[in-house]
Amino acid sequence: MRYYMTSLPDYKNDPEAYEIEERSRPDEMLMLEVAGEMAIESLENIHNVAVLDLCCGTGLSLERIINHPNISCAVGVDICQPYLDFAKIKYKQHRLKPTFILGDAVSVRLPREQWDVIMLASAYHHIEHERKVEFLNRVHYLLDNSGYAIIAENVLPEYEESNTKEYAHAVKQFYTEVLNTAKQQNPNLPDYVANLIKRVAQYGYDGDYEYKVSLSLLLKDLAKARLQIVTQKRVWPKDESKLGKTGGNYVFKVCCL
Ligand SMILES: C[S@@+](CC[C@H](N)C(=O)[O-])C[C@H]1O[C@@H](n2cnc3c(N)ncnc32)[C@H](O)[C@@H]1O
């Protein structure tokens, strides 16, 4: 489904464009900030913490936690080599340099089997629908008994699962609000940046690279993977007027059932 007729710039495989798009979005920055706070709260009382960031991208989701003195090992996994190259440079000067591994988050071989904290920031919605539960099952398998996964997710307003029109409408509602929020923060948002944000929406309409779901579907998948929610916060938008009762950006802290 083509919603935007102009040819839009792309951020896939382009780390600079991805970072510009993300950092221009207050909804994303807030979500990453709260995810960072929840991760830090989870590792406060343990030492030699091992952190795994699945679908780590350019390393944005590690930025707020990597300097914590309790972390002794950090690994990021992504399927995009240019993003990982960018992330490696970002962390070159850090006390603890994460190891970045190129691979599929669902099946990649990892240097250890148990992790204290697993970050999944905009990760679940990048995994195809048919592999989502397998992905969460793997998170369950990799999570230490006393560990937590921090899930930061863009959640669409509710729609009927097999209704493609309703799904496209939910994507449209979501990204209209994302753009409105970005323009409220920066009334001079450059067209290039607005178009990068529209490109994310276009991937959603096309059912390619972006596989977002509603809250009810996400909760069902967590239950199937026996991941129990310890904390659930909707961090954006401020009220229910635009995306209904359940649409928006969430951060969940989950543990193994
Ligand atoms: C929206 S970005 C999130 C990046 C980072 N976590 C953040 O919060 O900025 C999603 C990332 O998932 C990666 N990705 C998509 N499918 C993947 C897969 N099967 N295995 C590993 N990474 C994947 C993409 O390359 C992209 O970097």
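Here the structure is a predicted model, which means the values were calculated and not measured.

**Here's the deal with the overall build of the protein chain**
Then step 1. On a plain count of helices and strands, the protein chain comes out with 7 helices and 7 strands.
Then step 2. Ordered by position from N to C terminus, the α and β elements of the protein chain give α-α-β-β-α-β-β-α-β-α-α-α-β-β.
Then step 3. The buried share of the protein chain, taken over its 257 residues, is 42%.
Then step 4. Look at the contacts in the protein chain between residues 6 or more apart in sequence, and 74% of them connect residues 24 or more apart.

**Some thoughts on unusual backbone geometry**
Then step 1. Cis rather than trans, the peptide bond between tryptophan 236 and proline 237 has omega equal to -5°.
Then step 2. Along the chain, proline 237 turns up in the loop between strand S6 (227-236) and strand S7 (248-256).
Then step 3. A positive phi angle, close to 60°, is found at cysteine 55, a residue other than glycine.
Then step 4. Among the secondary structure elements, cysteine 55 is positioned in the loop between strand S1 (49-54) and strand S2 (71-78).
Then step 5. One non-glycine residue, tyrosine 209, lies in positive phi territory at about 75°.
Then step 6. Within the fold, tyrosine 209 resides in the loop between helix H6 (191-206) and helix H7 (215-224).

**Examining the site of the ligand**
Then step 1. With respect to spatial proximity, 19 residues lie near the ligand, and among them Cys55, Gly57, Leu60, Ala105 and Ala121 are the closest.
Then step 2. Residues belonging to the shell around the ligand are distributed by class as follows: 12 nonpolar, 4 polar and 3 charged.

**A look at the sheet that holds strand S5 (residues 143-155)**
Then step 1. Read across the open sheet, the 7 strands follow the order S3-S2-S1-S4-S5-S7-S6; overall the sheet is mixed. A single partner strand is all that each edge strand has here, and the edge strands are strand S3 (99-102) and S6. Adjacent strand axes in the sheet meet at a mean angle of 15°, parallel and antiparallel pairs treated alike.
Then step 2. Against the sheet, helix H2 (residues 26-43) makes contact with S1, S2, strand S4 (115-121), S5, S6 and S7, and its axis sits at roughly 20° relative to S7, the strand it touches most.

**Considering the nonpolar core**
Then step 1. Formed by 74 residues in total, the largest nonpolar core has its most connected members in Ala35, Leu120 and Ile150.
Then step 2. The contacts of alanine 35, once residues within four sequence positions are left out, are Ser61, Met119, Ala121, Ile150, Ala152 and Val251.

**Examining the UniProt feature "domain: Methyltransferase" (unreviewed entry) in the protein chain**
Then step 1. Under the UniProt annotation, "domain: Methyltransferase" (unreviewed entry) lies at residues 51-147.
Then step 2. What you have in residues 51-147 is 22% helix and 29% strand, and the ends, taken at the C-alpha atoms, are 10 Å apart.

**Comments concerning the environment of isoleucine 46**
Then step 1. Turning to its location among the elements, isoleucine 46 is positioned in the loop between H2 and S1.
Then step 2. Isoleucine 46 sits 131 residues away from glutamate 177 along the chain, and the two C-alpha atoms are 39 Å apart.
Then step 3. Residues contacting isoleucine 46, with those up to four places away along its chain left out, are Asn70 and Asp116.

**Considering the pairing of S3**
Then step 1. Summarising the sheet, S2 and S3 pair through 4 bridges and their orientation is parallel. For glycine 76, the partnering residue across the bridge sits in S3 and is phenylalanine 100.
Then step 2. With respect to chirality, the unit in which S2 leads through helix H3 (residues 81-90) into the neighbouring parallel S3 is right-handed.

Conventions adopted
- The numbers attached to residues start from 1 for each chain and follow its sequence in the written order.
- Note on the predicted model: pLDDT of at least 70 is required for a residue's local features to be given, and 80 or more for side-chain atom pairs to be given and counted; whole-chain, interface and lining totals, by contrast, use all residues.
- Only DSSP runs of H or I with at least four residues qualify as helices, and only runs of E with at least two residues qualify as strands; both kinds are numbered from the N terminus onward.
- Residues with at least 20 neighbouring C-beta atoms inside 10 Å of their own are called buried, those with 12 or fewer are called exposed, and the rest are partly exposed, where every C-beta is derived from the backbone.
- This entry defines residue contacts through backbone-placed C-beta atoms, with two residues in contact when those atoms are within 7 Å.
- Residues are classed as near a molecule or strand if the C-beta position derived from their backbone is within 6 Å of it.
- Residue polarity follows a fixed list, in which Ala, Val, Leu, Ile, Met, Phe, Trp, Tyr, Cys and Pro are nonpolar, Asp, Glu, Lys and Arg are charged, and the others, Gly among them, are polar.
- Should DSSP find at least two bridges between two strands, the strands are regarded as paired.
- Here the axes come from fitting lines to C-alpha atoms, over the contacting stretch only for helices, and the angles between their N-to-C directions go from 0 to 180 degrees.
- Think of a nonpolar core as buried Ala, Val, Leu, Ile, Met, Phe, Trp, Tyr and Cys residues chained together by C-beta atoms that fall within 7 Å.
- UniProt positions are given in the numbering used here, feature names are shortened, and annotations may be inferred rather than shown by experiment.
- When the strands point away from the viewer, a crossover counts as right-handed if the route from the first strand across the helix to the second turns clockwise.

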